[in-house]
Amino acid sequence: MKRKTLVRILAATLSLSMAFGLSACGSQDAQQSSSNNSEPPAATGTTPAEETGATEIVMNLDGEPSSLSPFLMGGGKSGNMMYNACYGSLWRVEYDDSLSADLAESYEIDEENMVIIAHLREGLMFSDGSPLTAEDVVCSIQTSAAESGSNTSTIDLERTQAIDETTVQIGLSTLSYSTMVDLSCIGIISKEWTEDGTNAEKVAADIVCSGPYYIENWSTGNDMVYIKNPYYWNADNVKYDKITVKCIADETTRFLDYQNGGVDLCILTKSENIDTMENGLAPGSVEVIPMQSVQGLAFDTKNIDTFKNENLRLAIAHAIDVESLVSAYCGTGYSLAKSPFPSTSPYFVDCALEYDPDLAKEYLQKYYDETGNSSVTITMTAKTGDLAATLTEAIQYQLNEVLGITVEVSVMDSATYFDAQAKGEQYASIVPLARGYYDPAKYMNAWFPNSSNSIMHMNNEELDALLDETVNDVTLSQEERTAKLTELQEKLTATGKFIPMFEEFICYALNGAVTTVDGCVSGDGRLLQTLWLSEAPSALAEG
């Protein structure tokens, strides 16, 4: 067996890891539950953390998890926090692109037999004091595959097994740069939950945790109370004995609660509230954290003949004044995107096409000359109440003003929108690219020909081959892979397949014991790890 470190075996998983985090990256977003609509408490002069000597903090987040299962929870920031707080994983991806040890302290890989061998820490326990063994890890991987499947695509489940109580063999169907990141996204549950097959309801009703906290009590519409898990392997490094999370979907109520001293930390998205903090009109400070998410206009070049023509796509790309739209309609929590990759990515390349009405008209004329057409009518879709819907209507005006193109806009509810996306009936739409993924390879996964989202298909054999090589060729050096990621970004925009529009940010109002979230890259679950760990976790050891 070959014993190698991650750097040697799957170098790009580390070097390409985007250390940010929707740590529950396998969970599916779900519609938020009803919020706590109680009136904000009166100001007390001190924040909750100050009143308790900073062994307890109180937070306001933006919704409730839809489930306590690590594979199904959803629920925005509250769901992401719960994943990080309650569930340990084999290892975690850190901000410097390294792997840190969590429940596993080392691993090795057998390239010939296509398996990863993970070595668990001795004496691991769940929050109820029961032992956590290799069988629980295998159960968790199998349950993840059954419930979501998004983090097990490269894992051979039939060859995944417990060798002994602290040794797990993970079978691989292929060597991919996503595998180690995928495994970091699988929360470890007790096998007792799934003795009779997957049972998400049992997970939700009787939660036993493998992470630094467990949930003391929670019911829909009420606060979530997290208590430090005394059996967690790294409990001595967990700062707070108790974290209370108020799940309040309405931002006005949430911000009033913060202003009246009800919480130490509050998530903000509205420009007016962020401006209030930045102008010193509310107590504490505000920090803006990139979400590692880019949204842009994509075209269905698989099913819609009109969008298969590159000249038409380039005409549209040069006719949209993206900078003016972002400036006019996007608030403090957004910035102009200039690539399919976020500007915080080490692989970012400024490759956005310039607004040039004259050039746009030249490309449109080429389209007319090629096709014999004399007019263009296209359909764009958007979700009700979404920022993208507002931008879509502005694009409708600009394309008609610059090129005389008729744009029919179909605004629909979320369920109808995603159903149309799955059926290949979403012709052109502003879509998010790779929100919440660590691995840049996963930024590109939506573009694969077998992706269910046809609007993201490139429908270009050359680009499809380049994509496959970039993501799956484990023989590439870091320099070679970086060059290919650069080429992919440039070609996606140069061909007009994807028009970058805006990047998203998360803003936090901070007061009391919570004075900074510096070092948090995603604004999601990793924020909480930044808060509750007093020391950085140790690196994952060699085999």
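Before going into details, it helps to say that this report is about the structure given with it. (Residues numbered from 1 in each chain as written. Predicted model: local features only at pLDDT ≥ 70, side-chain atom pairs only at ≥ 80, totals over all residues. Heavy atoms only, no water.)

**Overview of the overall build of the protein chain**
Each helix and strand counted, the protein chain has 18 helices and 17 strands in total. Pairs at least 24 apart in sequence give 72% of the contacts found in the protein chain among residues at least 6 apart. Total accessible area on the protein chain stands at roughly 20800 Å², and carbon and sulfur atoms take up 44% of it. (Helix = DSSP H or I, 4+ residues; strand = E, 2+ residues; numbered from the N terminus. Contact = heavy atoms within 4.5 Å. Areas by Shrake-Rupley, 256 points an atom, 1.4 Å probe, with all protein chains shown as cover.)

**A look at the packing of helix H8 (residues 251-259) against helix H9 (residues 271-278)**
The angle between the axes and the distance between the axes are what describe a pair of packed helices. Orientation of H8 relative to H9, taken along the N-to-C sense of each, is 15°, at an axis distance of 11 Å. By the criterion of interaxial angle, the relationship of H8 to H9 is roughly parallel. Crossing hand, H8 versus H9: left-handed. Judged by residue contacts, Glu251, Phe255, Tyr258 and Gln259 of H8 engage Asn273, Thr276 and Met277 from H9. Among the residues making up the contact of H8 with H9, the classes are represented as three nonpolar, three polar and one charged. (Axes fitted to C-alpha atoms, helices over the stretch in contact; angles between N-to-C directions. Parallel < 35°, antiparallel > 145°, perpendicular 65-115°, else oblique. Left-handed = near helix turned anticlockwise from the far one by under 90°. Nonpolar A, V, L, I, M, F, W, Y, C, P; charged D, E, K, R; others polar.)

**Re the layout of surface pockets**
Reported here for the second largest pocket is a volume of approximately 260 Å³. Residue lining of the second largest pocket: 17 residues in total, with Val322, Ala352, Leu353, Glu354 and Tyr355 positioned closest to the centre. Where the lining of the second largest pocket is concerned, the elements lending two or more residues are helix H11 (322-329) and strand E17 (498-510). No other element matches the three residues that E17 contributes to the lining of the second largest pocket. (1 Å grid on protein atoms, 1.4 Å probe; cavity = no way out; pocket = protein on both sides within 12 Å on 5 of 7 lines; lining within 4 Å. Points joined across faces, edges and corners; volume = space filled by probe spheres on them.)

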